[in-house]
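Working through the structure, step by step
The chain contents come next:
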Amino acid sequence: NGAAPPARPLPGMGAAAPLVGGTPRGLRPPGPPGPAGSGVPPSRAQAPQQPLMMQPGRPPPPGGAPNGGPPPPRPGMPAAGAPAGMPAQRGPPPPRLGASPHGARPPPPAGSCAPRSGAPPLPGAAPPPMAPPPPRMGPPGMGGAIPMMQPPGQGAGPLPPRMGAPPSRPSLPGTTPPSARAGQPFGGGYVQPAVGMSGDFDQPLAETFRALTVSSGPGGGSVISPAELQRPTPEELAEPMRLDSRGDSGRQRGQCPPKYMRMTTNALPNSPATKGKAALPLGAIIKPMARDDAAPVAVVNFGAVGVVRCRRCRTYVNPFVTFIDGGRRWRCNVCSLANDCPSDYICDLDEHGVRRDVAERPELSSGVVEFVAPAEYMVRPPQPPVFLFVVEVSYAAVSSGMLRCVAATLAHTIDHLPGGERTQVGVITYDSTLHFYNLHGSTPQMLVVPELDEPFCPMPGEALVNLSERRDVVKQLLEKLPSMFGATQATEVATGPALKAAYTVAQHVGGKVSLFSATRPTVGDGKLLNREGAGGAANGKGAEGGGLLAPACDFYKTLAVDCSKQQLCIDVWACHSAYADLATLALLARHTGGSVQHFPAFSDVAAGERLSRALQHSLTREQGLEAVMRVRASRGLRIAAFYGHFFIRGVDLLALPNVDEDKSFAVEIAHEENEIGASTACLQAALLYTTTSGERRIRVLTLELPVTSALNSIFDSADVDACVSLTARLAAEA
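Model, not experiment: these values are computed from the prediction.

**Describing the environment of Tyr-556**
Tracing the chain through its elements places Tyr-556 in helix H11 (residues 555-565). The exposure class assigned to Tyr-556 is buried, which follows from its relative accessible area of 0%. As a C-alpha pair, Tyr-556 and Ala-586 span 30 residues in sequence and 8.6 Å in three-dimensional space. Those residues in contact with Tyr-556, other than ones at most four positions away along the chain, are Thr-495, Gly-496, Leu-499, Pro-521, Gly-526, Leu-528, Thr-584, Leu-585 and Leu-588. Polar contacts involving the side chain of Tyr-556 include one to the main-chain carbonyl oxygen of Gly-526, which spans 2.6 Å.

Put into structure tokens, the structure is as follows:
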């Protein structure tokens, strides 16, 4: 019933001594650790009093304990020093298994009186029982013991623990709460962290920060509302964190604007070890044909002098080259070779070694410039803009409204195609057969080719017409297409033979082929099976191995490579209502510099306007024809990989049959040497292309960056958008 057992006389001491104030008569009450020589081991004297477990609903002992010590144990309660949650020791103490690490004395003879915890041992008294290890904090299901709450009448109890926070320890009268003992050692030499430090039981770090407030200053009573704090505008967030945006006006001169080329970090690591420590992708995102209406690209024509380039690395002259020998020679900023200046390009230098005409020459003051390419940069006459439309006219294309939407958009956009009088157009439709159109008469004439194994063009050289001469006939055909195939019941489509026919029509001149597809290819060369579900297992490329993301056949890749050699670009407009196998069809755009526009479950009611706007933008945007691009880096660096839609010729020459203002490419940069000795490094991208007006030009983008070994400089100059873009491309290629 919780009553204390009757007192028994101890051997040699007669009757049990009565308790006065809760302390045995003749014993010194426990208190703070005494001085040296008091008979109390220092490790035990410094050990904090563990909180006692109280039974709910019972009042504390009357009178407390003298001298601020802990109250005497109640019947059935654990002795002082025992951790919460452990039962009281009754009977003889458990045998000790070894010597105490605190230098405890050997056990006294049996029959002696054991002192309370914190009191000096009596001569001849039995040692106190060893306290078991403290229980683990946490729910009982995980092996822990939840401490009891403070009994009523002892002040405000501890707050309930927050979700995910460690439970707080209860405080008893006469003991010091853990938060007040900050910095005092526990048993075993552990020092409890101060309030607010990491690891505090009563107030974790997150709770400490939540309790902080923002005031106007010392003694001020007003509180600043977070809504009043100035935040960056969307325009500021859209601008990349470049060196020129940090106020470094010295480096702003001559740098390529970020719209054309952006580095993942604008301070290059000086060694592979520094790059590994930074753990940031090192590369550049290049958008050579980006549109900047605020600052148009300057065009430079060297005339008879020719384009000034380094004779070793073929780097174009740029704002970061150094002129020496009174302006008669210039040193390349990529390979450090000294080159002779053409006689018509020599200019005197000022006292700082800068050409006096630097402000008059865009190639020496701007990071992006265009050179008019001389005749040696042309293999054939400039290509005219050619647009060949290959449109599916099956039942799925008609019922979804794709045919009507595409025909109406082309009829409206045909007057705004670039190129002027040089523009050529052609139309091919297909379902289970191929349809060619003769546009040289007063009305369009359709020619049907049912042969799919070896498709041919029934009128070679006449499938393409000059738009300025046959504009009315082309519009008439586009307006009649929806009604011509409105009653079709054809469900089979021959996409592969239609593309081979388009290659035959335009291979002699090049251009852009726009493929409009609404059904997966089912007949002829390049037919594709449904690889979803059982179809994937039938092809041996199930979803477990990622086979759905791999091409199903090599037909479209081979055709795309042949098109790239003939300067043909293919854009894929996928308006499928079912499985389309874009992983295979996308190879057409990937190797020819084209793009893929996907409109899943297409319906002209829901997505017709979106398709029309995208098609208008694709046909009328600024673009370059029969282009090639090469990227060069300073000594000690190399271009390790390229990412984008192109075909690589040789090692580092990107073949781009068509490049427009929305195309971007990524390059990954690696170190060739263990350490870069120079303080700066340069990156230059050069794009040779033909404008829609028929002029051959070279667009040069140049960027110079500092080289550092400081990680904080690398992180501070990192461009988050460029890092994410390059990382996404790396993941897509993995």
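**Some details on the packing of aromatic side chains**
Describing an aromatic ring pair means giving the distance of the ring centres and the angle of the ring planes. If you walk through the whole model with that rule in mind, you get nine aromatic pairs. When the centroid spacing of 6.5 Å and the interplanar angle of 80 degrees are considered together, the rings of Phe-642 and Phe-646 count as edge-to-face. On the basis of relative accessible area, Phe-642 is assigned to the buried category, the value being 15%. Three or more aromatic residues joined by ring pairs make a cluster, and in this case those are Phe-302, Tyr-316, Tyr-345 and Phe-371. A cation over an aromatic ring shows up here: Arg-309 above the ring of Tyr-316, its NZ or CZ 4.2 Å from the ring centre.

**Things to note about the pattern of salt bridges**
Within this structure, the stated rule accounts for 25 salt bridges. With a closest N to O distance of 3.4 Å, Glu-363 and Arg-361 form a salt bridge. For Arg-361, a relative accessible area of 22% gives the class partly exposed. Here Asp-604 ties to Arg-404 by a salt bridge, and the two come within 3.2 Å at their closest N and O atoms. With Asp-604 in helix H14 (residues 604-620) and Arg-404 in helix H7 (residues 402-413), the pair connects residues that are 200 residues apart, well separated along the chain. In the salt-bridge network here, residues are joined through shared partners; they are Arg-355, Asp-357, Arg-361 and Glu-363.

**Comments concerning H11**
Within the sequence span of H11, burial applies to Tyr-556, Leu-559, Ala-560, Val-561, Cys-563 and Ser-564. Among the residues trailing H11, Gln-567 stands out with phi positive, at a value near 60 degrees.

**Quick word on the side chain of Thr-592**
Inspection of the secondary structure puts Thr-592 in the loop between helix H13 (587-590) and strand E18 (596-598). Taking the relative accessible area as the measure of exposure, Thr-592 reaches 0% and is therefore buried. Among the polar contacts made by the side chain of Thr-592, one reaches the main-chain carbonyl oxygen of Leu-588 at a distance of 2.5 Å. Apart from the residues within four sequence positions on either side, Thr-592 is in contact with Ala-560, Cys-563, Ser-564, Leu-568, Cys-569, Ile-570, Pro-657 and Asn-658.

**Remarks on unusual backbone geometry**
With a phi angle near 55 degrees, Asp-581 is a residue other than glycine that sits in the positive phi range. Within the fold, Asp-581 resides in the loop between strand E17 (568-574) and helix H12 (582-585). When its relative accessible area of 3% is taken as the criterion, Asp-581 is described as buried. Positive phi, normally seen in glycine, also occurs at Glu-626, with a value near 35 degrees.

**Some remarks on the packing of H7 against helix H8 (residues 471-484)**
Two elements in contact, H7 and H8, have axes separated by 8 Å at closest approach and are oriented at 165 degrees. The angle between the axes of H7 and H8 places the two elements in the roughly antiparallel class. Considering how the two elements wind past one another, H7 and H8 form a crossing that is left-handed. Two secondary-structure elements touch here, H7 through Leu-403, Arg-404, Ala-407, Leu-410 and Ala-411 and H8 through Lys-475, Leu-478, Leu-481 and Pro-482. Grouping the constituent residues of the contact of H7 with H8 by class yields seven nonpolar, no polar and two charged.

**Considerations on the sheet that holds strand E3 (residues 261-263)**
The strand order E3-E5-E23-E20 describes an open sheet built from four strands, whose pairing is antiparallel. Looking at the sheet topology across the chains shown, the edges are occupied by E3 and strand E20 (637-643). Each adjacent strand pair in this sheet contributes to an overall mean axis angle of 25 degrees, direction not counted. The pairing of E20 with strand E23 (residues 665-671) spans six bridges and is antiparallel. Pairing of Arg-638 across the sheet is with Ala-670, part of E23.

**Some points on the confidence of the model for the protein chain**
When pLDDT is averaged across the protein chain, the result is 77; 65% of the residues are at 70 or more. Taken together, the stretch residues 75-91 has pLDDT below 50 and engages in 34 contacts with residues farther than four places along the chain or on a different chain. Note on residues 108-123: pLDDT is under 50 here. Beyond four places in sequence and across chains, it has 41 contacts.

**Comments concerning the nonpolar core**
Ile-286 and Leu-683 are the most contacted members of the largest nonpolar core, which totals 36 residues. Contributions of two or more residues to this core are made by E3, strand E5 (283-286), strand E19 (623-633), E20, strand E22 (653-660), E23, strand E24 (680-690) and strand E25 (696-708). Here Ile-286 is in contact with Tyr-260, Met-261, Met-629, Val-631, Lys-663, Ser-664, Phe-665, Val-667, Ala-685 and Leu-701, once residues within four sequence places are set aside. Core analysis: the next-biggest nonpolar cluster, separate from the first, contains 35 residues, Val-391, Ala-397, Ile-414 and Leu-619 among them.

**Overview of the pairing of strand E13 (residues 434-438)**
Each regular strand shows side chains that alternate between the opposite faces of the sheet. Judged by how many residues are buried, E13 sits mostly within the fold: five of five residues are covered. Pairing geometry for strand E12 (residues 424-430) and E13, over three bridges, is antiparallel. The residue of E13 that forms the bridge with Thr-429 is His-435. The loop that links E12 with its antiparallel partner E13 comprises three residues. Where E13 and strand E14 (residues 445-449) come together, five bridges link them in antiparallel fashion.

The rules behind these values
- Residues numbered from 1 in each chain as written.
- Predicted model: local features only at pLDDT ≥ 70, side-chain atom pairs only at ≥ 80, totals over all residues.
- Heavy atoms only, no water.
- Helix = DSSP H or I, 4+ residues; strand = E, 2+ residues; numbered from the N terminus.
- Buried < 20%, exposed > 50% of the residue type's maximum accessible area, 1.4 Å probe, protein only.
- Contact = heavy atoms within 4.5 Å.
- Polar contact = N/O pair within 3.5 Å; in protein donor to acceptor, adjacent residues only side chain to side chain.
- Phe/Tyr/Trp six-rings, centres within 6.5 Å; stacked < 30°, edge-to-face > 60°.
- Lys NZ or Arg CZ within 6 Å of the ring centre and 35° of its normal.
- Salt bridge = Lys/Arg side-chain N within 4 Å of Asp/Glu carboxyl O.
- Axes fitted to C-alpha atoms, helices over the stretch in contact; angles between N-to-C directions.
- Parallel < 35°, antiparallel > 145°, perpendicular 65-115°, else oblique.
- Left-handed = near helix turned anticlockwise from the far one by under 90°.
- Nonpolar A, V, L, I, M, F, W, Y, C, P; charged D, E, K, R; others polar.
- Pairing = 2+ DSSP bridges.
- pLDDT = per-residue confidence, 0-100.
- Core = buried A, V, L, I, M, F, W, Y, C linked by side-chain atoms within 4.5 Å.

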